[in-house]
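Below, each chain spelled out in residue letters.
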Amino acid sequence: MEDIKELKERLARYKKENSELVQRVLELERTESRLKKSARSMEEKSATLSAIVKSSDDAIVSKTLDGIVTSWNSSAERIFGYNESEMIGQPILKIIPEDRQDEEVEILSKLRQGIRVEHFETKRLTKNGKLLDISLTISPIRDTAGVIIGLSKIARDITEKKLEEQRKHNFVAMVSHELKTPLTAITAYIQILLQISKKDSNPFYATTLARAETQAKKMITMIQDFLSLARLEEGKIQINKQKFELHPLINELAEDAQFLTNKHIINLISCDNIWIYGDPEKLGHVIMNLLNNAIKYSPEGGVITIHCDKQGDRVKISIQDEGVGITPSDQKRLFERFYRVNSDKIKTVSGFGIGLYLAAEILRFHDSKIEVESQEGIGSTFWFSLNIH
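Novice: Please give an account of the pattern of salt bridges that cites residues and values.
Specialist: Applying the stated criterion across every chain, the model contains 13 salt bridges. Across the pair Lys123 and Asp133 runs a salt bridge whose closest N-O atoms are separated by 2.7 Å. Taken together, the positions of Lys123 in strand 3 (residues 117–125) and Asp133 in strand 4 (residues 131–142) put the pair 10 residues apart, joining distant regions of the chain. Overall, the relative accessible area of 16% leaves Asp133 in the buried class. Between Arg364 and Glu361 there is a salt bridge whose closest N-O contact spans 2.8 Å. One end of the pair is Arg364 and the other is Glu361, both in helix 10 (residues 355–364) and 3 residues apart, which spans about a single turn. In this structure Arg364 comes out as partly exposed when scored by relative accessible area, which is 48%. We classify Glu361 as buried; its relative accessible area is 16%. Connected through salt bridges with shared partners, the residues Arg100, Glu103 and Arg124 form a single ionic network.

Novice: Explain the layout of surface pockets to me, and be specific about the residues and the numbers.
Specialist: Size it by volume and the second largest pocket reaches roughly 1,300 Å³. His119, Glu121, Phe335, Glu336 and Arg337 are the residues nearest the centre of the second largest pocket, which is lined by 31 residues in total. The set of elements that each furnish at least two residues to the lining of the second largest pocket consists of strand 3, strand 4, strand 5 (148–157), helix 5 (159–197) and helix 10. Looking at the lining of the second largest pocket, the element that brings in the most residues is helix 5, giving 5 residues.

Novice: So what's going on with a nonpolar patch on the surface? Which residues, and what values?
Specialist: Together, Tyr189, Ile192, Leu193 and Ile196 give the surface a local cluster of nonpolar side chains, amounting to about 430 Å² of exposed area. With respect to the element layout, Leu193 can be found in helix 5. Residue Leu193 is classed as partly exposed on the basis of its relative accessible area, which comes to 44%.

Novice: Could you give an account of the sheet that holds strand 10 (residues 314–320), with specific residues and numbers?
Specialist: Sheet strands pair via backbone hydrogen bonds, and the direction of the pair is either parallel or antiparallel. With mixed pairing, 5 strands are arranged side by side in an open sheet as 7-9-10-12-11. Two strands lie at the open edges of the sheet, namely strand 7 (264–269) and strand 11 (371–375), each paired on one side alone. In this sheet, neighbouring strand axes are inclined to one another by 15° on average, regardless of whether the strands run parallel or antiparallel. Two strands pair when backbone bridges link them, and strand 7 and strand 9 (residues 302–311) are joined in this way by 6 bridges, in the parallel orientation. Across the sheet, residue Ile265 finds its bridge partner in strand 9, namely Val303.

So, how was this worked out
- Residues numbered from 1 in each chain as written.
- Predicted model: local features only at pLDDT ≥ 70, side-chain atom pairs only at ≥ 80, totals over all residues.
- Heavy atoms only, no water.
- Salt bridge = Lys/Arg side-chain N within 4 Å of Asp/Glu carboxyl O.
- Helix = DSSP H or I, 4+ residues; strand = E, 2+ residues; numbered from the N terminus.
- Buried < 20%, exposed > 50% of the residue type's maximum accessible area, 1.4 Å probe, protein only.
- 1 Å grid on protein atoms, 1.4 Å probe; cavity = no way out; pocket = protein on both sides within 12 Å on 5 of 7 lines; lining within 4 Å.
- Points joined across faces, edges and corners; volume = space filled by probe spheres on them.
- Patch = residues over 30% accessible without salt bridge, like charges linked within 9 Å, V, L, I, M, F, W, Y side chains within 5 Å.
- Areas by Shrake-Rupley, 256 points an atom, 1.4 Å probe, with all protein chains shown as cover.
- Pairing = 2+ DSSP bridges.
- Axes fitted to C-alpha atoms, helices over the stretch in contact; angles between N-to-C directions.

In structure tokens:
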């Protein structure tokens, strides 16, 4: 009987152990299945990514943190002239002009910190020594632990785009120069007639001539912007810095802007007793441009507020409107040359998209930059800061 009992116990243990073994085998089979699916998925993703890299019109290059090239796609070969075997294992400095090699040090420094570099415009060398205008977007490559192990670079050839911009710029500069002299003469004639009309009892003449003078001045301002753009890009723009009081300048500009509109109220807040060191003419151009935009892009009217806020040794100057607002996508490109917001709400607003670009460049010469906050249907606030003298 004891033998039978022991046999039954052994049989029970065997069944239990065998059941556990079966469960383990089944779990291993399921794990194997999942791994195979994952491997297939990774292979498919890798194949898709490889196809994208190979078919891209942009040069796609990867490199180490020391700037050594580890991959080089067919578009990189087409753009720069070097084939894959000539670049793999070589320093990326091979395609960077000597006078721009400091850029690579700065870029690598940013990327080691995990900072992505987007749409950085520069120049690069081809195998035959030709200089190309290039737009770079560079991202850090991380391993599974999140450690940066390399860099991925997308390079777009924008040489033709730059040439087209230069042709447009040359044409605009020529036309602007030719128009400036006759428009100045027309404005002078209008002013003479305006003085004569004030002696006439008919107010129609004075009103009409005043409007004509306003429109002529707008055209002169626009032409002046084009000429300033030409001087800026030729490196001939003059910045004449001096110590001056902010309030008289802003107050005069606010009065001039108020004269242009009867739909808006322009308020000036906290700009008294602030002295700065800068070019009053150029900074006046920046502020007037922002005021004109505030008027143009709030066609229903409203309050425009110019606010000066002392922040330590700097003053923040902001212009706020109650206009149509700007979409986030447009905000990213507002300060590009010739960029115009495409919106049905403002399709009748005139302009060539250089005012904000010029404003941003003038502020760059004053160690500042222009910023914007905006919400569609509510309005926009543009601001910049300057050192208090």
